[in-house]
Amino acid sequence: MSDWTVFAPLAGWVTPLGDVPDPVFAEKMLGDGLAIDPVNDALCAPCDATVLTVHEAGHAVTLRSTDGYELICHIGVDTVSLGGKGLTPQVHAGAKVLAGQPLIRFDLDYLVQNAPAVVTPIIVADATRYAVEPIAKGLVAVGDALLRVVPLAAETVETAETGETLIEETVVALSHGLHARPAARLVEAVRRHEAKVTLYHGDRHASALSAVGLLGLGLGHGTTVRIEANGAQAAAAMAEVIAFLNDATVEDTPIDVPEPTRGEGPGLGGVPAAPGLAVGPIHRLTRAAIPVETVAETVEAERTKLTDALARVREGLAQAATAGGARGGVMAAHAAMLADPTLGDAALAAVARGLSAGVAWQEAIAEQVAVLISSGDRRIAERADDLRDLERHVLAALAGLPIEGPSVPTGAILVAEDLLPSQVAALDAGVVAGIALVKGGPTSHAAILAAGMGLPMAVAFGEPLAALEDGRVIVLDADRGLIDPEPDADTQAGARDTIARRKAETEAARAATGPCRTLDGTRIEMFANLGSVADAEAAVAEGAEGCGLLRTEFLFLERETAPTRDEQARDYQAIADALGDRPMIVRLLDVGGDKPAPYMDLPVEENPALGLRGIRVSLADPQLLEDQVGAILSVRQPCRIMAPMVASLSELEAVRAVVERQGGKAEVGVMIETPAAAISADILATKADFFSIGTNDLTQYTLAMDRGNAAVAAGVDGLHPAVLRLIGATCDGAAKHDTPVGVCGSLAADRLAVPILLGLGVTELSVPPARVAAIKALVGKLDMAKCRAAAIHALALPSAAAVRARITNMLQEIGA
């Protein structure tokens, strides 16, 4: 006896029926088969067939193949409730169709947003006559062999007709009529009775034991149906059928679809900024007023007070700067600002006019803040905040008060309207559980510092967060940007268990000596983003395999003149020595826009983010570029050179020409930060040795949202499908020339982004040193086949929130 092949009617990920989140399908009440989680927009015929029914809601069809078996194709779970929205049938009952012919077109984005699930069962209806053998696994395209149908030996079991045939009529009260789910349940109900039951509607009839036959009756809400029953238990069967069809609540049974929760009560939604999970009481940051003496003594006395206070603050900042890393960098920047003679001279001039030291310092700061804010540039506005921070430091020194960062109780979640980078840098990551902000930006410098310290942080929660009282215990899910403001004891315990498990996995990954690999053995390079020798030492301790991004701006900013070639070479060599024989990718100077260098004659621009920045600045100052490339090439260990903000092949070729003039043979790569670079990756790959994707800038340029603008902060998420599609385009273009692709932006450290990045083709992740072990542990639990499927699904989702929800479920399923 021959068997037959059913072909995939959708492109997507093959799923066992048992994994479909609806018991009717999972328990095979309608029959056996497989399901597909789709990534395309059309359900096609899985074989040559005749269309038996197309449900009026457009979500399901039944077919009779030319070989005689019957199929049910049901798009998604509970999609009947959509009333046809997002679903457009292409055929009608009675039509003859060929395998691959479209049956129903659908709006996948709409279904994802409005249905419990889009996984689509393909079912062979009569399990008593046919066996089903799965063929496909993993990802399939339309037309791939999906399953085999094997006819069984004929075995007919008829219920003997006895006594009188009972006949009744009733009206179907089911809100969506007799569609697949209630049809399956009706079949199960009738099977419990020794009776033969037939339903009649118009000129059609069907056995109550045939789900396909019942669907073919087209019994909509309000339809009158005639029922005939015969057999020893005919009366009981008749009563159950009528009761079932009259029960308008049959479809109200909840469908158990796993989806992310915010715990009990109304969750607060914000934006992820630094990954992680935290549970603890709220500690609201308040700024204590610093007393300022307003009555001046003699000019000489006030001058002495001010110069002494400035010296003490300068000494403290210089000491803090020696710590290196992100915190040291912020303190060094503050020290440089304090050394600005314009600021000090203005304060001393105010003292000479008879003002007290404190009032004179306030006046000088206010004048500079007004100048900086009036520029309209976001980066300069950030510097105004830093000036206000310095104001407090000096006033505290004048008052004899200690210069301290925010004081946070152990295990508390710090809540504030916003935070300055210096405030984050002053926190103790071993004390603070997490950070939640009313305002703030997800890729701000404060967020980057928090990620580097391993502090979970989410931002842009708005007034609902401001309304929560101090001491309230909350759960902060910074991976998804959610707060559960009323977690019960079980929710709190679950969060703490997850934190403990992740910590144990991170410690195990830190102790492991082997290279980073996925669960199925795929090699993924685990690098770190560095800005100092201290960063390099921390990265090595965490198990980093190299440096995927050395920021060289630390040498160029906050100084009056450009560093010499020798100065650069010395600092690059020190970092390389700290790394040992591990590879180091050095990013060429990336200034301009939000990172101005005072000694560069850069023009005032109406839109700095779209002006002279990145590689454009270096190409505009040839000697600066020659000196930096020469310094990098002088490092004893081979370094790779990466050009920032590249938008065209000519810019890459210009950098290569400088490398050749300097007599070096270093690999030269491109930082993919603009949509232009992503879209033309195949062209850039002809001359680039590697790519590294800077997801922070790529996100803001793709979404046209300034990553530092609080007004649009809620929308700046690198998991937006538009950004992911550009990352996919980069990987596809690179693959044409075997060019490796890494990610050094914040997405590399985002645990919800990692499966998608790997699935799109990324082979190297570069993260803050504090995240190396955690991301390495996560990679070790991922399977590449599932990552590729997750990536394909993510590209078809409508929003970053939908992507985060989907990947959250995926990681929960694998215990990650």
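Residues numbered from 1 in each chain as written. Predicted model: local features only at pLDDT ≥ 70, side-chain atom pairs only at ≥ 80, totals over all residues. Heavy atoms only, no water.

A. Local environment of the overall build of the protein. Of regular secondary structure, the protein possesses 28 helices and 34 strands. Going through the 816 residues of the protein one by one, you find that 52% of them count as buried. Summarising the internal contacts of the protein: among those between residues at least 6 apart in sequence, 71% fall at separations of at least 24. As presented, the protein carries roughly 32,800 Å² of accessible surface, and 52% of it is formed by carbon and sulfur atoms. (Helix = DSSP H or I, 4+ residues; strand = E, 2+ residues; numbered from the N terminus. Buried < 20%, exposed > 50% of the residue type's maximum accessible area, 1.4 Å probe, protein only. Contact = heavy atoms within 4.5 Å. Areas by Shrake-Rupley, 256 points an atom, 1.4 Å probe, with all protein chains shown as cover.)

B. Spatial organisation of unusual backbone geometry. At Ala460, a residue that is not glycine, the phi angle is positive and equals roughly 60 degrees. Positive phi outside glycine occurs at Asp738, with the angle close to 55 degrees. Position of Asp738 relative to the elements: it lies in the loop between α24 (721–735) and β33 (741–743). Taking relative accessible area as the criterion, Asp738 reaches 73% and is therefore assigned exposed.

C. Representation of the nonpolar core in the model. Ranked by internal contacts, the top residues of the largest apolar core, which has 130 residues, are Phe691, Ile727 and Leu765. Residues lining this core come from more than one domain, with at least three contributed by each of domain 1 (4–151) and domain 5 (517–814). Ignoring sequence-local partners within four residues, the contact set of Phe691 consists of Val670, Ile672, Ala681, Leu684, Ala685, Thr730, Ala734, Thr739, Pro740, Val741 and Gly742. Judged by nonpolar contacts, the second largest core, of 40 residues, contains Ala35, Leu174, Leu178 and Ala183. (Core = buried A, V, L, I, M, F, W, Y, C linked by side-chain atoms within 4.5 Å. Domains from an automatic or database assignment.)

D. Structural view of helix α17 (residues 565–579). With 15 residues, α17 should cover 21 Å at 1.5 Å per step; its first-to-last C-alpha distance of 21 Å lies within 8% of that length. Of the positions making up α17, those classed as buried are Gln568, Ala569, Tyr572, Gln573, Ile575, Ala576 and Leu579. Down the axis of α17, the buried side of the element spans an arc of 165 degrees, and every buried residue falls inside it. The exposed residues of α17 that point more than 90 degrees off its buried face are Asp566 and Arg570. (Expected span 1.5 Å × (residues − 1). Arc of directions from axis to C-beta.)

E. Region of interest: the sheet that holds strand β7 (residues 70–74). Taken together, the 8 strands give an open sheet; going across it, the order is β9-β5-β6-β7-β11-β3-β2-β13, and neighbouring strands pair in antiparallel fashion. The sheet terminates laterally at β9 (96–97) and β13 (139–140), the two strands that pair on one side only. Where strand β5 (residues 49–54) lies against strand β6 (residues 60–65), 5 bridges are found, and the strand directions are antiparallel. In the sheet register, Val51 faces β6, and the bridge partner there is Leu63. Set on the sheet, helix α27 (residues 784–796) makes contact with β2 (12–16), β3 (32–38) and β13; between it and β2 the angle comes to about 120 degrees. (Pairing = 2+ DSSP bridges. Axes fitted to C-alpha atoms, helices over the stretch in contact; angles between N-to-C directions.)

F. Spatial organisation of the pattern of salt bridges. Following the criterion strictly, the structure yields 30 salt bridges and no others. Taking the shortest distance from any N to any O, the salt bridge between Asp3 and Arg148 comes out at 3.8 Å. One end of the pair, Asp3, is in the segment before β1 (4–7); the other, Arg148, is in strand β14 (residues 145–151), with 145 residues separating them in the sequence. For Arg148, a relative accessible area of 28% puts it in the partly exposed group. Linked by salt bridges that have partners in common, Asp3, Glu133 and Arg148 make up one network. (Salt bridge = Lys/Arg side-chain N within 4 Å of Asp/Glu carboxyl O.)

G. Structural context of helix α15 (residues 533–542). Taken residue by residue, α15 has Asp535, Ala536, Ala539 and Glu542 as its buried positions. The buried residues of α15 occupy an angular sector of 125 degrees when projected down its axis, which confines them to one face. Looking one or two residues past α15, Gly543 carries a phi angle of roughly 100 degrees, positive in sign.

H. Structural view of the pairing of strand β10 (residues 102–106). Both strand β4 (residues 42–44) and β10 contribute to a ladder of 3 bridges, which runs antiparallel. Bridge pairing in β10 places Ala42 opposite Arg105. Taken together, the 3 bridges between strand β8 (residues 87–89) and β10 define a ladder with antiparallel strand orientation. Directly across from Thr88, in β10, lies its bridge partner Arg105.

I. View of the environment of Val617. Turning to its location among the elements, Val617 is positioned in helix α18 (residues 615–620). Residue Val617 is classed as buried on the basis of its relative accessible area, which comes to 3%.

J. Seen up close, the sheet that holds strand β12 (residues 130–134). Spatially, β1-β14-β12 is the arrangement adopted by the 3 strands of the open sheet, whose pairing is antiparallel. Each edge of the open sheet is held by one strand with a lone partner, namely β1 and β12. For this sheet the average axis-to-axis angle between neighbouring strands, irrespective of direction, equals 30 degrees. Relative to β14, β12 runs antiparallel, the two being bridged by 5 bridges.

K. Representation of the packing of aromatic side chains in the model. Across all of its chains, the model carries 3 aromatic pairs by this definition. Here the aromatic cluster, defined as three or more aromatic residues joined through ring pairs, consists of Trp4, Tyr69 and Tyr130. Above the face of the Tyr200 ring, Arg226 is positioned so that its terminal group lies 4.1 Å from the ring centre. (Phe/Tyr/Trp six-rings, centres within 6.5 Å; stacked < 30°, edge-to-face > 60°. Lys NZ or Arg CZ within 6 Å of the ring centre and 35° of its normal.)

L. Seen up close, the side chain of Glu542. Locating Glu542 in the fold gives a position in helix α15. Once residues lying within four places of it in the same chain are set aside, the contact partners of Glu542 are Arg510, Pro769, Ala770, Val772 and Ala773.

M. Seen up close, the environment of Gly430. One can find Gly430 in the loop between α11 (421–425) and β23 (434–437). A relative accessible area of 65% means that Gly430 is categorised as exposed. Between the alpha carbons of Gly430 and Thr410 there is a distance of 8.0 Å; along the sequence they are 20 residues apart.

N. The pairing of strand β28 (residues 547–550), seen in detail. Summarising the sheet, strand β27 (residues 525–530) and β28 pair through 3 bridges and their orientation is parallel. Within β28, the position partnered with Leu530 by the bridge is Leu550. Handedness of the β-α-β unit built from β27, α15 and β28 comes out right-handed. Where β28 and strand β29 (residues 584–587) come together, 2 bridges link them in parallel fashion. In the sheet register, Cys547 faces β29, and the bridge partner there is Met584. (Right-handed = clockwise from strand over helix to strand, strands pointing away.)

O. Expanded view of the environment of Asp308. Structurally, the position occupied by Asp308 is in helix α6 (residues 299–321). Linking Asp308 and Leu398, residues 90 residues apart in sequence, is a C-alpha distance of 8.4 Å.

P. Region of interest: the side chain of Thr739. Mapping Thr739 onto the fold places it in the loop between α24 and β33. Take Thr739: its relative accessible area is 8%, and that puts it in the buried class. When sequence neighbours within four positions are dropped, the list of residues in contact with Thr739 reads Ala685, Ala688, Asp689, Phe690, Phe691 and Ala734.

Q. Expanded view of the packing of α24 against α27. Between α24 and α27, the least distance of the axes is 8 Å, while the angle of their chain directions is 130 degrees. What the angle tells us is that α24 and α27 run oblique. Read as a crossing pair, α24 and α27 show a hand that is left-handed. Only Ala794, Leu795 and Ala796 of α27 make contact with α24, whose side of the interface consists of Pro721, Leu724 and Arg725. Per-class residue counts for the contact of α24 with α27 are 5 nonpolar, no polar and 1 charged. (Parallel < 35°, antiparallel > 145°, perpendicular 65-115°, else oblique. Left-handed = near helix turned anticlockwise from the far one by under 90°. Nonpolar A, V, L, I, M, F, W, Y, C, P; charged D, E, K, R; others polar.)

R. Summary view of the confidence of the model for the protein. For the protein, per-residue confidence averages 84 on the pLDDT scale, and 86% of positions sit at 70 or higher. Here residues 252–266 scores under 50 on pLDDT; set against residues more than four positions off or in separate chains, the count is 28 contacts. The low-confidence segment residues 375–380, where pLDDT is below 50, has 15 contacts with residues more than four positions distant or belonging to other chains. (pLDDT = per-residue confidence, 0-100.)

S. Examining the packing of α17 against helix α19 (residues 622–633) more closely. Interaxial distance between α17 and α19 falls to 8 Å at its minimum, and their mutual angle equals 35 degrees. The interaxial crossing formed by α17 with α19 has right-handed handedness. Facing Arg565, Gln568, Ala569 and Tyr572 of α17, the residues of α19 in contact are Glu626, Asp627, Gln628, Gly630, Ala631 and Ile632. Its residues assigned to classes, the contact of α17 with α19 comprises 4 nonpolar, 3 polar and 3 charged.

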